[in-house]
Amino acid sequence: MEKVWWVHISRIIKQYFISLIVAWGMLYAYGKPSLTFGVFVGELIGAVCIFIMGNRMLKSIDFSPDAAVFTMKIGWIIRLFLILGCLAAVIQISVSLFWAVVTGFFLAEVIMLANAVYWILKKNSDKQK
């Protein structure tokens, strides 16, 4: 089981780096390759938020419903402060870097959502065979 998860995680990390290279190429074409760091930070924040949420969900399986709701609320607050703190720090530097971080954040979400859809479709097609 551990090896299967490592395959999925390594695939997602590769997709993050490929998207970062594509973002660098697009930003280089527009003459602003320095904003690639903002996209990277946004992807990192997005990935951390997703993995914190997944970890909270796995931990809440063993709890009672009230305790599970409480831990999910705590996780939501932690992720909210992480996102707002990073975005507040970035907006102090420059507005264009802020938008690069926001783009990277949502790019991470899209990559994770696309992988989730792929795994669900693949699992359903394996069951039908």
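The coordinates are above.
J.: For the overall build of the protein chain, give the residues involved together with the corresponding values.
T.: Along the backbone of the protein chain there are four helices and zero strands. Overall, the protein chain is about 50 × 40 × 20 Å in size when its C-alpha atoms are taken along their principal axes. The buried share of the protein chain, taken over its 129 residues, is 29%. When contacts within the protein chain are restricted to residue pairs at least 6 apart in sequence, long-range pairs at least 24 apart make up 65% of them. Total accessible area computed for the protein chain in this model is approximately 9200 Å², and 75% of it derives from carbon and sulfur atoms.

J.: Which residues make up a nonpolar patch on the surface, and what values go with them?
T.: A grouping of Phe70, Ile74, Trp76, Ile77, Ile78, Leu80, Phe81 and Leu84 is seen on the molecular surface, where their side chains present a nonpolar patch of about 780 Å² in accessible area. On the secondary structure map, Ile78 appears in helix H3 (residues 65-93). What makes Ile78 partly exposed here is its relative accessible area of 39%.

J.: I'd like a rundown of helix H2 (residues 36-60), residues and numbers included.
T.: The terminal C-alpha atoms of H2, which comprises 25 residues, lie 36 Å apart, in line with the 36 Å expected from a rise of 1.5 Å per residue. When we look at burial in H2, the residues that qualify are Thr36, Gly38, Val39, Val41, Gly42, Glu43, Ile45, Gly46, Ala47, Cys49, Ile50 and Ser60.

J.: Which residues make up the packing of aromatic side chains, and what values go with them?
T.: Any pair of aromatic rings gets described here by the distance separating the centres and the angle formed by the planes. Applying the stated criterion across every chain, the model contains three aromatic pairs. Plain terms: the ring middles of Trp24 and Tyr28 are 5.1 Å apart, the flat faces sit at 25° to each other, and that makes the pair stacked. With Trp24 and Tyr28 both in helix H1 (residues 2-29) and four residues apart, the pair spans about one turn of that helix. Residue Trp24 is classed as partly exposed on the basis of its relative accessible area, which comes to 41%. Note on Phe98 and Trp99: the rings are 5.0 Å apart at their centroids and 75° apart in plane angle, and the pair reads as edge-to-face. Taking the relative accessible area as the measure of exposure, Trp99 reaches 52% and is therefore exposed.

J.: Tell me about the packing of H2 against H3, and name the residues and values.
T.: Direction vectors running N to C along H2 and H3 enclose 170°, while the axes themselves pass 9 Å from each other. On the basis of the axis angle, H2 is roughly antiparallel to H3. Residues Ile45, Val48, Cys49, Ile52, Met53, Arg56, Met57 and Ser60 of H2 lie in contact with H3, whose contacting residues are Ala68, Thr71, Met72, Ile74, Gly75, Ile78, Arg79, Leu82, Ile83 and Cys86. Broken down by class, the residue content of the contact of H2 with H3 amounts to 13 nonpolar, three polar and two charged.

Analysis parameters
- Residues numbered from 1 in each chain as written.
- Predicted model: local features only at pLDDT ≥ 70, side-chain atom pairs only at ≥ 80, totals over all residues.
- Heavy atoms only, no water.
- Helix = DSSP H or I, 4+ residues; strand = E, 2+ residues; numbered from the N terminus.
- Buried < 20%, exposed > 50% of the residue type's maximum accessible area, 1.4 Å probe, protein only.
- Contact = heavy atoms within 4.5 Å.
- Areas by Shrake-Rupley, 256 points an atom, 1.4 Å probe, with all protein chains shown as cover.
- Patch = residues over 30% accessible without salt bridge, like charges linked within 9 Å, V, L, I, M, F, W, Y side chains within 5 Å.
- Salt bridge = Lys/Arg side-chain N within 4 Å of Asp/Glu carboxyl O.
- Expected span 1.5 Å × (residues − 1).
- Phe/Tyr/Trp six-rings, centres within 6.5 Å; stacked < 30°, edge-to-face > 60°.
- Axes fitted to C-alpha atoms, helices over the stretch in contact; angles between N-to-C directions.
- Parallel < 35°, antiparallel > 145°, perpendicular 65-115°, else oblique.
- Nonpolar A, V, L, I, M, F, W, Y, C, P; charged D, E, K, R; others polar.

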